[in-house]
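# Summary of structural features
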Amino acid sequence: YLDDPELASQLAVWVAQTGDMQTPTSDVHVKNLVSMFSHADGINFHGFVQDAIVDDTYIQNTGDDIFAVWGSDFDTRGIVFQ
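Our subject in this report is the structure included herewith. In this text, all values refer to a predicted model and were calculated from it rather than measured experimentally.

What counts and what doesn't
- Residues numbered from 1 in each chain as written.
- Predicted model: local features only at pLDDT ≥ 70, side-chain atom pairs only at ≥ 80, totals over all residues.
- Heavy atoms only, no water.
- Buried < 20%, exposed > 50% of the residue type's maximum accessible area, 1.4 Å probe, protein only.
- Helix = DSSP H or I, 4+ residues; strand = E, 2+ residues; numbered from the N terminus.
- Pairing = 2+ DSSP bridges.
- Core = buried A, V, L, I, M, F, W, Y, C linked by side-chain atoms within 4.5 Å.
- Contact = heavy atoms within 4.5 Å.
- Phe/Tyr/Trp six-rings, centres within 6.5 Å; stacked < 30°, edge-to-face > 60°.

### Comments concerning the pairing of strand 4 (residues 49-55)
- In terms of burial, strand 4 is largely enclosed, as five of its seven residues are buried.
- Where strand 1 (residues 25-31) and strand 4 come together, six bridges link them in parallel fashion. Paired with His29 across the bridge in strand 4 is Ile53.
- Strand direction decides the pairing type here: strand 4 and strand 7 (residues 77-81), joined by four bridges, are parallel. Bridge pairing links Gln50 to Arg77 in strand 7.

In structure tokens:
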């Protein structure tokens, strides 16, 4: 991939918690992610998350959970890891 930068990419995404506790974070799609040797979770959906898909993803050697979902008191639903 070093010879063709169009074949490689690096992306970091962090979505901050909002003050709006009535509207979920929704329609999140993570696709073709490879992550190795991270210091914390691979993917962690926390709080009011609905309708998220994690597809074709490879994660290894995390410092904590590879995949995590915890909704607290929210109606967290529709999260699919495939």
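### Let's talk about the nonpolar core
- By size, the foremost hydrophobic cluster in this structure holds six residues: Ile43, Phe45, Val49, Ala52, Val54 and Ile59.
- Of all the secondary structure elements, the ones that give two or more residues to this core are strand 3 (43-46) and strand 4.
- Here the element with the most residues in this core is strand 4; it accounts for three residues.
- Sequence-distant contacts of Val49, that is, excluding residues within four places in its chain, are made with Thr25, Asp75, Thr76, Arg77 and Ile79.

### Remarks on the packing of aromatic side chains
- All told, the structure shown has three aromatic pairs when counted by the stated rule.
- Pairing Phe48 with Phe74 gives two aromatic rings, centres 5.3 Å apart and planes at 10°, and the pair type is stacked. Highlighted residues: Phe48 in the loop between strand 3 and strand 4 and Phe74 in the loop between strand 6 (67-70) and strand 7, separated in sequence by 26 residues.
- Ring centres 4.7 Å apart and planes at 45° place the aromatic pair Phe67 and Phe81 in the tilted group. Taken as a pair, Phe67 in strand 6 and Phe81 in strand 7 lie far apart in primary sequence, 14 residues in all.
- The class for Phe67 is partly exposed, based on a relative accessible area of 37%.
- With a relative accessible area of 34%, Phe81 lands in the partly exposed category.
- Members of the aromatic cluster, each reached through a chain of ring pairs, are Phe45, Phe67 and Phe81.

Just geometry here; none of it tells us what the structure is for.
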